[in-house]
Amino acid sequence: SVSAGTDRAWFRVTNQFNRADGFNVAPVGSEDDPYRINQLSLRAGAMLLPGLSLDFSVRNIRKTASRDAFDGPVGSLATAFDDASTFTTNLWASGAQLRWDMLGGALTHLVKASRVTNELVDQDVTSFFRSVNQAEADKLGYVLTYRFATGGPLAVRHVVSGLVERDEQSFVPLSDFADGIEKSRKQVAYAAEYQADIADRLALNGNIRRDDNDSFVDFTTWRVSAALKLPEVGMRPHASLGTGVRLPSMFEQYGFFGTFRPNPDAQPEESFGWDAGIEFSALAGRAILDVTYFDIDIENKITENDTFTGIINLPGTARRQGVEVSGRWLVSTALSLGASYTYLEATDPDGDQEPRRPEHAARFDIDYRFMDGRARINVATIYNGEMADRGLRVTGRAGTFPIFAAEPLMLDDYWLVSVAGSYAVAPGVELYGRVENALDQKYEEQEGYNTPGIAAYVGVRLTYEEPSTKDWVKYK
């Protein structure tokens, strides 16, 4: 990457290339699945007038990868197996932003525009099927923000914002069995938000959004939240309440991919949720513990159908509720300990556990700095509990394509350990490394697919900055 700039103009150009031989995703066979990714990006901006700036960006990501097929003998559970199938993606994303700050920064006008295009080409050599999907998305928006403060018995800082945004999406399925006709949808959104900080103790936030859709019914969503600082007793209660909507993606509605077929009748899923918790602090802020309860109800949940050939909306209400506990203890200036745990009850409307959502999940880590802060080591352990999943039993064939029937099953729990470290040789020169899945555990995140084994990474990070005299004395 190369970057330069002044207070009047700036730019940054970056190119990143990754190539990997990969690992064998399929439990059957020994063929690795390599990939290549190239990402080129440009960001630039200029101060046109005092308080008026223009920024723009362009990014291209190209990915080519080998993938495995998914099939099996009639009567068996399908699994991934080695073949020569490949897929490529080519994504272009561009955007521009014009910002005008007035009244000493109290009033801000923001005009934003973006465009994203993506093409996915999948060549399935087992089923002799070629899938091509092209998508475009254009957005244009305007945001007005006003910041002010009021005095009196309690000093209050206010932020009021308004948004108008237009979103247009189009999708063209060009697969072997697709119609090749462009599908499109439009959405216009109006939103308002209010934030208040009262006496640097009580933080309030509220927002409301209206989405006018040409392909779905219109929605109004909202969210409110509050947090209260009580440093005298080392507590910070917090809570939030709100609604949400997730539209089916254009691919879910119209995409083709092997045996996957579109569902143009898919509807948005709607959610209502709330959470409440308390953050505790002790030892002058060196120890923090947060306990939060959450509860979310989902209507029209979007999920895969029982034959894995498309998506459907589940009738009834899916529910996710549980408790999150997280904490960190700064034992000394060199040593800190962290931990988190989540208990989750996630059920579909029929009462079955949601696929791939563990009931128990936890993380523990130790971070230690030594040699006057020049060296650092971090050891982290992740626990993922048992998860429900759906195996796909092959019940027949339609030409070269398998016919599936879903079958519930459970994935085993697993522990993963990672170790990372770094050492600053001199100002601007740092050696680093990490080992992932250090115990080389065999585990599954999805039925029928392997996961990476033990992996090690090492590198050198160079930062070209003029070191201070103090830095050189420390390293000597």
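Note that the structure is predicted; figures quoted are calculated from it, not measured.

## Describing the overall build of the chain
Right, on to step 1. Counting its secondary structure elements, the chain contains 2 helices and 27 strands.
Right, on to step 2. Overall size of the chain, expressed as C-alpha extent along the three principal axes, is 75 × 55 × 45 Å.
Right, on to step 3. When the 476 residues of the chain are sorted by exposure, 31% land in the buried category.
Right, on to step 4. Partitioning the intrachain contacts of the chain with sequence separation of at least 6 by distance along the chain shows that 55% fall at a separation of at least 24.

## Things to note about the packing of aromatic side chains
Right, on to step 1. Enumeration according to the criterion identifies 9 aromatic pairs in this entry.
Right, on to step 2. Between Tyr-383 and Trp-415, the ring centres sit 4.7 Å apart and the planes meet at 45°, which makes this aromatic pair tilted. With Tyr-383 in strand E22 (residues 375–384) and Trp-415 in strand E25 (residues 414–426), this residue pair connects regions lying 32 residues apart in the sequence.
Right, on to step 3. When its relative accessible area of 18% is taken as the criterion, Tyr-383 is described as buried.
Right, on to step 4. In this structure an aromatic cluster arises from ring pairing among Phe-70, Phe-404 and Tyr-449.
Right, on to step 5. When the ring centre of Tyr-35 is taken as origin, the NZ or CZ atom of Lys-63, which lies over that ring, is 6.0 Å away.
Right, on to step 6. The lysine or arginine in question, Arg-461, covers the ring of Tyr-432, its NZ or CZ lying 4.4 Å from the ring centre.

## As for a nonpolar patch on the surface
Right, on to step 1. Taken together, Val-2, Phe-11, Val-13, Leu-40, Leu-42, Phe-56, Val-58 and Trp-92 make up a surface patch of nonpolar side chains, about 620 Å² in accessible area.
Right, on to step 2. Phe-11 gets classed as partly exposed once you look at its relative accessible area, which sits at 35%.

## Observations regarding the side chain of Asp-389
Right, on to step 1. Secondary-structure assignment places Asp-389 in strand E23 (residues 387–398).
Right, on to step 2. Judged by relative accessible area, which is 3%, Asp-389 ranks as buried.
Right, on to step 3. Apart from residues no more than four positions distant in its own chain, Asp-389 is found in contact with Pro-355, Arg-356, Glu-407, Pro-408, Leu-409, Leu-411, Gln-446 and Glu-447.

## Comments concerning the pattern of salt bridges
Right, on to step 1. Under the criterion given, the structure shown has 32 salt bridges.
Right, on to step 2. Its salt-bridge partner being Glu-136, residue Arg-115 comes within 3.2 Å of it at the nearest N-O pair. Highlighted residues: Arg-115 in strand E8 (residues 107–124) and Glu-136 in strand E9 (residues 129–150), separated in sequence by 21 residues.
Right, on to step 3. Taking the relative accessible area as the measure of exposure, Glu-136 reaches 35% and is therefore partly exposed.
Right, on to step 4. The partner of Asp-295 in a salt bridge is Arg-319, with the nearest N and O atoms 2.4 Å apart. With Asp-295 in strand E16 (residues 287–299) and Arg-319 in strand E19 (residues 317–330), this pair connects stretches of sequence that are 24 residues apart.
Right, on to step 5. In this structure Asp-295 comes out as buried when scored by relative accessible area, which is 6%.
Right, on to step 6. The network of salt bridges with common partners includes Lys-301, Arg-320, Asp-348, Glu-354 and Arg-357.

## Notes on unusual backbone geometry
Right, on to step 1. A positive phi angle is found at Asp-200, which is not glycine, with a value near 55°.
Right, on to step 2. The class of Asp-200 is partly exposed, set by a relative accessible area of 44%.
Right, on to step 3. A positive phi angle, close to 60°, is found at Ala-284, a residue other than glycine.
Right, on to step 4. Inspection of the secondary structure puts Ala-284 in the loop between strand E15 (269–282) and E16.

## Overview of the side chain of Glu-165
Right, on to step 1. Inspection of the secondary structure puts Glu-165 in strand E10 (residues 156–173).
Right, on to step 2. With a relative accessible area of 14%, Glu-165 lands in the buried category.
Right, on to step 3. Setting aside residues no more than four positions away along its own chain, Glu-165 makes contact with Lys-139, Leu-140, Gly-141, Gln-187, Val-188, Ala-189 and Arg-209.

## Structural notes on the environment of Glu-193
Right, on to step 1. Its place among the elements puts Glu-193 in strand E11 (residues 183–198).
Right, on to step 2. Residue Glu-193 is classed as partly exposed on the basis of its relative accessible area, which comes to 27%.
Right, on to step 3. For the pair Glu-193 and Asn-205, spaced 12 residues apart in the sequence, the C-alpha separation amounts to 7.4 Å.
Right, on to step 4. In contact with Glu-193, other than residues within four places in its own chain, are Val-159, Val-160, Ser-161, Asn-205, Gly-206 and Asn-207.
Right, on to step 5. A polar side-chain atom of Glu-193 sits 3.1 Å from a polar atom in the side chain of Asn-205.

## Considerations on the pairing of strand E12 (residues 202–213)
Right, on to step 1. Two strands pair when backbone bridges link them, and E11 and E12 are joined in this way by 12 bridges, in the antiparallel orientation. Counterpart to Gln-187 in the pairing with E12 is Asn-213.
Right, on to step 2. Across 10 bridges, the pairing between E12 and strand E13 (residues 219–228) is antiparallel. Within the sheet, the bridge partner assigned to Gly-206 lies in E13 and is Val-224.
Right, on to step 3. The turn joining E12 and E13, which pair antiparallel and follow one another in sequence, is formed by 5 residues.

## Observations regarding the nonpolar core
Right, on to step 1. The biggest cluster of nonpolar side chains holds 7 residues, and these are Ala-26, Phe-70, Ala-78, Ala-80, Leu-392, Val-394 and Phe-404.
Right, on to step 2. Discounting residues that sit within four places of it in the chain, Ala-78 has contacts with Phe-70, Asp-71, Leu-392, Val-394 and Phe-404.

## Comments concerning the confidence of the model for the chain
Right, on to step 1. Across the chain, the average pLDDT comes to 91, with 97% of residues at or above 70.
Right, on to step 2. Of the regions scoring below 50 in pLDDT, residues 468–476 engages in 9 contacts with residues more than four places distant in sequence or in other chains.

The rules we used
Residues numbered from 1 in each chain as written. Predicted model: local features only at pLDDT ≥ 70, side-chain atom pairs only at ≥ 80, totals over all residues. Heavy atoms only, no water. Helix = DSSP H or I, 4+ residues; strand = E, 2+ residues; numbered from the N terminus. Buried < 20%, exposed > 50% of the residue type's maximum accessible area, 1.4 Å probe, protein only. Contact = heavy atoms within 4.5 Å. Phe/Tyr/Trp six-rings, centres within 6.5 Å; stacked < 30°, edge-to-face > 60°. Lys NZ or Arg CZ within 6 Å of the ring centre and 35° of its normal. Patch = residues over 30% accessible without salt bridge, like charges linked within 9 Å, V, L, I, M, F, W, Y side chains within 5 Å. Areas by Shrake-Rupley, 256 points an atom, 1.4 Å probe, with all protein chains shown as cover. Salt bridge = Lys/Arg side-chain N within 4 Å of Asp/Glu carboxyl O. Polar contact = N/O pair within 3.5 Å; in protein donor to acceptor, adjacent residues only side chain to side chain. Pairing = 2+ DSSP bridges. Core = buried A, V, L, I, M, F, W, Y, C linked by side-chain atoms within 4.5 Å. pLDDT = per-residue confidence, 0-100.

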